[in-house]
Amino acid sequence: MDRPTTNIDLRPLGVHEVARVVEIQRDAYADHLQEDDSAFHAKRDMYPDGFIGAFVNDELAGYSISFPWFQDTAVSLHTSHISPDRDFDCYYMHDVAVLSQFRGLGIADKLVNRCLATARSLGLHTVRMVTVQGGENIWSRYGFEVYGTADESYGPNAFKMTITLEH
């Protein structure tokens, strides 16, 4: 039997939705990877267009956080001091998370594709990220490749990954 089509709507999230994003993060990540409200607010304030929610039947089912950034500078977890001081040269995907009960519906794919499309629209050819919890195989499906070990704020077995986009 075919699975019914699920309508997934993507839109930027408002300040009032940060608390719900924090709840989704708790469902998706190990304790040492949990960021507090101030870290999420800082990322949202820096680039509101990259703070995206995925809604299924008007319920927030997942989110992504991404923003223009610098190829040579990783974004540490748990930081609320994000202050770009020069021109961006890449796009950074900080977070993609989906509530467990909504996994398997293609939400993560939609969020990742939105991030990659945003990078292209900004004229940025490089997208960087850090993968955690053994996710490097998942990200390689999109074309990301490991290029180093992430800083200690991400814990063990966290890797920096990159992809070069065609325009």
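Please read these numbers as outputs of a predicted model, since none were measured by experiment.

Colleague: Please set out the side chain of Asp95 residue by residue, giving values where relevant.
Modeller: One can find Asp95 in strand S4 (residues 90-98). A distance of 2.5 Å separates the side chain of Asp95 from the side chain of Tyr29, its partner in a polar contact. Apart from residues no more than four positions distant in its own chain, Asp95 is found in contact with Tyr29, Phe40, Tyr63, Ser64 and Ile65.

Colleague: So what's going on with the packing of helix H1 (residues 18-28) against helix H2 (residues 37-46)? Residues and values would help.
Modeller: Two elements in contact, H1 and H2, have axes whose closest approach is 10 Å; the angle formed by their N-to-C orientations is 120 degrees. Considering their axes alone, H1 and H2 lie oblique with respect to each other. Here H1 and H2 pass one another in a crossing that is right-handed. Contacts from Val18, Val21, Val22 and Gln25 of H1 reach H2 at Asp37, Phe40, His41 and Arg44. Class assignment of the residues belonging to the contact of H1 with H2 gives a composition of four nonpolar, two polar and two charged.

Colleague: Outline unusual backbone geometry, listing residues and values.
Modeller: At Asn57, a residue that is not glycine, the phi angle is positive and equals roughly 50 degrees. With respect to the secondary-structure elements, Asn57 resides in the loop between strand S2 (51-56) and strand S3 (59-69). Phi at Asp58 is positive, roughly 65 degrees, even though this residue is not glycine. Summarising the element assignment, Asp58 is placed in the loop between S2 and S3.

Colleague: Could you give an account of the confidence of the model for the protein, naming the residues involved and the relevant values?
Modeller: Of the residues in the protein, 92% reach a pLDDT of 70 or more, and the chain-wide mean stands at 89. Per-residue pLDDT, averaged within each element of the protein, yields its smallest value for H2 (89) and its largest for S2 (97).

Colleague: Describe the layout of surface pockets, with residues and values.
Modeller: When its volume is computed, the largest pocket comes out at roughly 700 Å³. What lines the largest pocket is a set of 31 residues, among which Tyr29, Val96, Ala97, Ile138 and Trp139 lie closest to the centre. Breaking the lining of the largest pocket down by element, the ones donating at least two residues are S4, helix H3 (107-121), strand S5 (126-131) and helix H4 (136-140). Per-element accounting of the lining of the largest pocket gives the leading share, six residues, to S4. Here the lining of the largest pocket is built from residues that sort into 20 nonpolar, six polar and five charged.

Rules behind the numbers
- Residues numbered from 1 in each chain as written.
- Predicted model: local features only at pLDDT ≥ 70, side-chain atom pairs only at ≥ 80, totals over all residues.
- Heavy atoms only, no water.
- Helix = DSSP H or I, 4+ residues; strand = E, 2+ residues; numbered from the N terminus.
- Polar contact = N/O pair within 3.5 Å; in protein donor to acceptor, adjacent residues only side chain to side chain.
- Contact = heavy atoms within 4.5 Å.
- Axes fitted to C-alpha atoms, helices over the stretch in contact; angles between N-to-C directions.
- Parallel < 35°, antiparallel > 145°, perpendicular 65-115°, else oblique.
- Left-handed = near helix turned anticlockwise from the far one by under 90°.
- Nonpolar A, V, L, I, M, F, W, Y, C, P; charged D, E, K, R; others polar.
- pLDDT = per-residue confidence, 0-100.
- 1 Å grid on protein atoms, 1.4 Å probe; cavity = no way out; pocket = protein on both sides within 12 Å on 5 of 7 lines; lining within 4 Å.
- Points joined across faces, edges and corners; volume = space filled by probe spheres on them.

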